[in-house]
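# Secondary and tertiary structure notes
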Amino acid sequence: SVHPGGIKTNIARNVPYEDKAKHQELIETFDRMAPTTADEAARVIIQGIRRKKPRILIGRDARFIDLVVRLLPGAYQHILLRCFGIEP
């Protein structure tokens, strides 16, 4: 199974927005939070398949989330929300 973190794609650019300034802010935020390019993700997926890995984690953010979930299964949602600046 593939567990992607933030993958830098054009998804945020294709969201219909009337407010151009807010749309640009959305794009910039998405680009900061999606550090892995699609090419990098594809390379990691292919490498994982070749190595017959049952789980393929894409990006540092995916590995971080995986670690937090494994170490603190009861508290990971609260921790991740705080890491992303969202108050639970």
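To be clear, the structure that these remarks concern was listed above.
The structure reproduced in this document is the subject of the present report. (Residues numbered from 1 in each chain as written. Predicted model: local features only at pLDDT ≥ 70, side-chain atom pairs only at ≥ 80, totals over all residues. Heavy atoms only, no water.)

### Here's the deal with the overall build of the protein
Looking only at helices and strands, the protein has 4 helices and 4 strands in total. The linear arrangement of helices and strands in the protein, starting from the amino end, is β-β-α-β-α-β-α-α. Radius of gyration (C-alpha) of the protein: 15 Å, far over the 12 Å computed for a compact globule of 88 residues. Viewed in the frame of its principal axes, the protein has a C-alpha envelope of about 45 × 30 × 15 Å. Counting all 88 residues of the protein, 22% fall into the buried class. Long-range contacts, defined as pairs at least 24 residues apart, comprise 47% of the intrachain contacts of the protein with a sequence gap of at least 6. By element, 57% of the accessible surface of the protein is carried by carbon and sulfur atoms, the whole surface being about 6,800 Å². (Helix = DSSP H or I, 4+ residues; strand = E, 2+ residues; numbered from the N terminus. Rg over C-alpha atoms; globule rule 2.2 N^0.38 Å. Buried < 20%, exposed > 50% of the residue type's maximum accessible area, 1.4 Å probe, protein only. Contact = heavy atoms within 4.5 Å. Areas by Shrake-Rupley, 256 points an atom, 1.4 Å probe, with all protein chains shown as cover.)

### Overview of the environment of G5
One can find G5 in the loop between strand 1 (2-4) and strand 2 (7-8). C-alpha of G5 to C-alpha of D31: the two residues are 26 residues apart in sequence and 12 Å apart in space.

### Description of the packing of helix 3 (residues 60-71) against helix 4 (residues 76-83)
Look at helix 3 against helix 4: their axes get within 9 Å of each other, and the N-to-C directions meet at 145°. Here helix 3 and helix 4 pass one another in a crossing that is right-handed. For the pair helix 3 and helix 4, contact is made by F64, I65, V68 and V69 and by Y76, I79, L80 and C83, respectively. (Axes fitted to C-alpha atoms, helices over the stretch in contact; angles between N-to-C directions. Left-handed = near helix turned anticlockwise from the far one by under 90°.)

Nothing here speaks to function; it is all geometry.
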